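The primary structure of each chain is shown beneath.
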Amino acid sequence: MFTRCLSCDIPFSATPILEGYCLGDEVAFDPRRGRLWAICRVCRRWTLAPLEERWEALEELECLARGGTEGADGARLLSRTDNVALFQAGPLRMVRVGPTDRREEAWWRYGRRLQALDARDRPRSLGASLALAAAVVTGGLKAAVHGLPAMAPREIDRWLRFGDYAWRGHRTCAGCGHVVRSLPFFDRKILVLTPVDEPRGVPLLSRRCPRCKNLDGGGLHLDPRQSERTLRRVLAYEHHAGLPEGRVRSALALIEQAGRPSALAATLARFGRSIGDLPSTAAIAMDIAANEGVERRLLSLEVSVLQQYWRQEEELAAIVDGELTPSGPLDRIRLAALGEP
């Protein structure tokens, strides 16, 4: 079971009402397709739960959604469209996805609908953020947050949630030997997109060396796994406040025009552009495509698990048919296949 958000690495808390599950206090589920997501309260991204720990939770969530509009036996309906509904069951918030198209689901996942419903929580969150910022400044770390008082409240809130760095590690510049240990979020605009790593379908990320300013013969070059995770963190940081519906629709149209998410990523990375050079719609499309790429790989793992399960069931069926079925035509066919009289 995933215990942390795949985008911002924030740990999920124990899920209210659903005992034994660590998905946080906000989940989304699709009973028809058998999908269950944890919704991160920090970056708002959806993390797909693994197959093997999903079914009992799905059954409980569906019972809550269908049990009524009030009380312990059901969940209270907060908002709905034709195919997506938002429920509140005590401290647990649930998004039920029905037979929906890609545009409507994307709007719920990346738009401002859920953020708007969190408006009543923002004063407390913002007050806590400002208090924490003041505590940090007065606690002797003023130099580390020198620009904090000049930041807007939303920027302070984002900084406290995501921190300073999109990536931490250890890379040595091949040109000058300078060791790069971190990539601050304020450098996100100068990250260069290089050709796509096909298995993951996302661009690789590079940055000029801070010392020798070299890129092709040096600099910071992240591997496919680190590139994907860093790109998702950077884009989640960029779009933390939510997105207007029109922008989400335009980004989806861009993906559909490219044919598939990985094809869009390949097009955007073809000319070695930096993230700061991307039009806002293209950056949103890249955000959606990167998340879809992760889910596609997780779902492919599900398919392999189901195939293995099918093989085991077929082996069992062959044993039952071959050894437990009363003798007759089937036995004669089996013996003939074995070369026995």
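Residues numbered from 1 in each chain as written. Predicted model: local features only at pLDDT ≥ 70, side-chain atom pairs only at ≥ 80, totals over all residues. Heavy atoms only, no water.

A. Region of interest: the pairing of strand E7 (residues 165-172). By the bridge criterion, five bridges tie E7 to strand E8 (residues 179-184) in an arrangement that is antiparallel. Residue pairing in the sheet places Arg168 in a bridge with Ser182 of E8. Adjacent in sequence and paired antiparallel, E7 and E8 are bridged by six residues, among which Gly177 carries a positive phi angle near 85 degrees. (Pairing = 2+ DSSP bridges. Helix = DSSP H or I, 4+ residues; strand = E, 2+ residues; numbered from the N terminus.)

B. Layout of the packing of aromatic side chains. For the structure shown, the criterion picks out four aromatic pairs. Taking 6.1 Å as the distance between ring centres and 85 degrees as the angle between the ring planes, the aromatic pair formed by Phe162 and Phe185 counts as edge-to-face. Taken together, the residues Phe162 in helix H5 (residues 153-162) and Phe185 in the loop between E8 and strand E9 (192-197) connect sequence positions 23 residues apart. Note on accessibility: Phe162 and Phe185 belong to one class, buried. Each member of the aromatic cluster is reached from another via a ring pair, and the members are Phe162, Phe185 and Tyr237. The ring of Tyr237 carries the charged tip of Arg158 above its face, separated from the ring centre by 4.0 Å. (Phe/Tyr/Trp six-rings, centres within 6.5 Å; stacked < 30°, edge-to-face > 60°. Buried < 20%, exposed > 50% of the residue type's maximum accessible area, 1.4 Å probe, protein only. Lys NZ or Arg CZ within 6 Å of the ring centre and 35° of its normal.)

C. Expanded view of the packing of helix H7 (residues 245-258) against helix H8 (residues 261-269). With their axes 7 Å apart at the nearest point, H7 and H8 run at an angle of 90 degrees to one another. The angle between the axes of H7 and H8 places the two elements in the roughly perpendicular class. Counting all contacts with H7, which are made through Leu254, Ile255 and Ala258, the residues of H8 involved are Pro261, Ala263 and Leu264. Looking at the contact of H7 with H8 residue by residue, the class counts come to six nonpolar, no polar and no charged. (Axes fitted to C-alpha atoms, helices over the stretch in contact; angles between N-to-C directions. Parallel < 35°, antiparallel > 145°, perpendicular 65-115°, else oblique. Contact = heavy atoms within 4.5 Å. Nonpolar A, V, L, I, M, F, W, Y, C, P; charged D, E, K, R; others polar.)

D. Here's a closer look at the nonpolar core. By size, the foremost hydrophobic cluster in this structure holds 72 residues, and its most contacted members are Leu36, Leu61, Met94, Val95 and Phe162. In terms of residues, this core owes the most to one element, helix H9 (residues 280-324), which gives seven residues. (Core = buried A, V, L, I, M, F, W, Y, C linked by side-chain atoms within 4.5 Å.)

E. Layout of the packing of helix H2 (residues 102-110) against H7. Contact geometry for H2 and H7: axes closest at 10 Å, N-to-C directions at 130 degrees. In terms of orientation, H2 and H7 fall into the oblique class. In this structure, H2 meets H7 at a crossing whose hand is right-handed. Mapping the contact onto sequence places Arg102, Arg103, Ala106, Trp107 and Tyr110 in H2 and Glu245, Val248, Arg249, Leu252, Ala253, Ile255 and Glu256 in H7. (Left-handed = near helix turned anticlockwise from the far one by under 90°.)

F. Structural context of the pairing of strand E2 (residues 35-39). Among the five residues that make up E2, five are buried, leaving the element largely enclosed by the rest of the structure. One ladder, built from four bridges, connects strand E1 (residues 26-30) with E2; its direction is antiparallel. When the sheet's bridge partners are listed, Asp30 is paired in E2 with Arg35. Where E1 hands over to E2, the hairpin turn is made up of four residues, of which Gly34 adopts a positive phi near 70 degrees. Across three bridges, E2 lies against strand E3 (residues 46-48) in antiparallel orientation. Considered in E3, the bridge of Trp37 is made with Leu48. Counting the residues in the hairpin turn of E2 and E3 gives six residues, including Arg44, whose phi is positive at 70 degrees.

Distances and angles like these do not, on their own, reveal function.
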